[in-house]
Amino acid sequence: MRNNGRWGWKPVLAVQPREQFLDFFGTGRSLLQMTVDRFRPLVSIENVVIVTNVAYKDLILEQVPDLREEQILCEPARRNTAPCIAYAVAWIESRGKSQESRDTANIVVAASDHLILEEEKFRETISKAFDFVERNKAICTLGMQPTRPETGYGYIQYLNEPIEDLRLKIEEPGIFPVKRFREKPDLATAKEYLQSGDYLWNSGIFIWSLETISEAIEKYLPEVAEIFAKGKGVIGTPNERAFIEENFPKCPNISVDYGIMEKADNVFVLPSSFGWSDLGTWGSLYELSEKDEQGNVGLHSDTMFYEAKGNVVTLESGKLAVVQGVDDMIIAEEKGVLLVCKKAEEQRIKEFVKAAQEKFGGKFN
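Residues numbered from 1 in each chain as written. Predicted model: local features only at pLDDT ≥ 70, side-chain atom pairs only at ≥ 80, totals over all residues. Heavy atoms only, no water.

Regarding the side chain of threonine 141
In step 1: With respect to the element layout, threonine 141 can be found in strand β5 (residues 139-144).
In step 2: Side-chain polar atoms of threonine 141 contact the backbone oxygen of isoleucine 205, separated by 3.1 Å.
In step 3: Filtering out sequence-adjacent residues up to four positions away, threonine 141 remains in contact with Ile156, Asn202, Ile205, Phe206, Met261, Phe268, Val269 and Leu270. (Helix = DSSP H or I, 4+ residues; strand = E, 2+ residues; numbered from the N terminus. Polar contact = N/O pair within 3.5 Å; in protein donor to acceptor, adjacent residues only side chain to side chain. Contact = heavy atoms within 4.5 Å.)

Quick notes on the nonpolar core
In step 1: Counting residues in each nonpolar core, the largest one holds 46 residues, and the members touching the most others are Ile139, Trp208, Ile213, Ile217, Phe228 and Ile260.
In step 2: In terms of residue count, helix α3 (residues 81-95) provides more of this core than any other element does, ten residues in total.
In step 3: When sequence neighbours within four positions are dropped, the list of residues in contact with phenylalanine 228 reads Pro83, Ala86, Tyr87, Ala90, Ile235, Ile244, Phe248 and Cys251.
In step 4: By size, the runner-up hydrophobic cluster in this structure holds 41 residues, among which are Val36, Val48, Phe132 and Tyr199. (Core = buried A, V, L, I, M, F, W, Y, C linked by side-chain atoms within 4.5 Å. Buried < 20%, exposed > 50% of the residue type's maximum accessible area, 1.4 Å probe, protein only.)

Side note on the pairing of strand β14 (residues 320-324)
In step 1: Along β14, the buried face is formed by Ala321 and Val323; none of Leu320, Val322 and Gln324, which line the opposite face, is buried.
In step 2: Pairing between strand β12 (residues 302-306) and β14: five bridges, direction parallel. Within β14, the position partnered with aspartate 302 by the bridge is leucine 320. (Pairing = 2+ DSSP bridges.)

Considerations on the environment of glycine 28
In step 1: With respect to the helices and strands, glycine 28 occurs in the segment before α1 (31-39).
In step 2: Exposure remark for glycine 28: the relative accessible area of 56% places this residue in the exposed category.
In step 3: Beyond its immediate sequence surroundings of up to four residues, glycine 28 is in contact with Asp23 and Gln33.

Focus: unusual backbone geometry
In step 1: One non-glycine residue, glutamate 307, adopts positive backbone phi at about 45°.
In step 2: Taking the relative accessible area as the measure of exposure, glutamate 307 reaches 59% and is therefore exposed.
In step 3: Even without glycine at this site, aspartate 328 takes up a positive phi of about 55°.
In step 4: By the secondary structure assignment, aspartate 328 is in the loop between β14 and β15 (329-334).

A short note on the side chain of glutamine 63
In step 1: Of note, glutamine 63 is situated in helix α2 (residues 57-63).
In step 2: A distance of 2.5 Å separates polar atoms of two side chains, one belonging to glutamine 63 and the other to serine 30.
In step 3: Those residues in contact with glutamine 63 that sit more than four places away from it in its chain are Gln20, Phe21, Ser30, Leu32 and Gln33.

Focus: the packing of aromatic side chains
In step 1: Applying the stated criterion to the full structure yields 13 aromatic pairs.
In step 2: Here the aromatic rings of phenylalanine 39 and phenylalanine 122 are separated by 5.5 Å at their centres, their planes lie at 85°, and the arrangement is edge-to-face. Of this pair, phenylalanine 39 sits in helix α1 while phenylalanine 122 sits in helix α5 (residues 119-135), and the two are 83 residues apart along the sequence.
In step 3: Overall, phenylalanine 39 belongs to the buried group, its relative accessible area being 4%. (Phe/Tyr/Trp six-rings, centres within 6.5 Å; stacked < 30°, edge-to-face > 60°.)

Shown next, in the form of structure tokens:
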């Protein structure tokens, strides 16, 4: 499992589980395929692991045919990112041919629905983070330099000056201790973060050694650690599937951010800028998409705009949208539900979804 002394892990964390299989920008490659391609110069394909819902296993094998079936770890139930990571860590540990190989393994965690425009710069950043966690018993995350007051991302506040009482005394140019993680803010708070200069977007990209993350899971998520400890000697064997089916659903539903990152005292951030975007937000999707002369974006379906500017429209494939007389709107359809919302009010979409679910129940999902 060695690749220049490193193991690479790239999980698919399926918050919106179908989007990573789509070719958003007409490149002929889905977001998943672009993610795998991005890591190929850093991590050999046999060291890539994808964690996903069991329903998407065949589709992943179709899109990335040089993966082996055992490299796709299937969740029988959704339990958020911390159990996913614990599963992958247990699987990686099972593949080590010696204690030495396990001790020298480094891991990068990245979601599959991100777009990165400057891929060589991205790989240089990951390599720097790999070197950092190889030399230090530290957790490293990448923080994106914010370009707008985005309400769709979490934030990282970091310490850009040395402090006397830092429990883990590490000096590394360009890498800073994390002060705190912040949840997705409202617009006013996002503007404050942008102006302060010591906040970064939380990319959800993590780099750590196998030893460091294993110890963090044991310390901060003992219930999860205990479950996977029972699988030692089983995970990585033909009996793995039965063990996971029985035990994975017993894991608490908890994110790695809340379960580990917000509690650990050895978390550092590498401020980064390589054209990153989490396509889970409309603002990022609009910024990165090709626009007409009036700044309109039409995705997946045919669109016609009249006296309209700054809009983003996405309908189910094969449909036509005619948009007249509106500016700066999100117009989107999925599963027969039509959303029309101001781009500036994107942060309210979760509120709208919750209200629709309460009112219409199973009709809205």
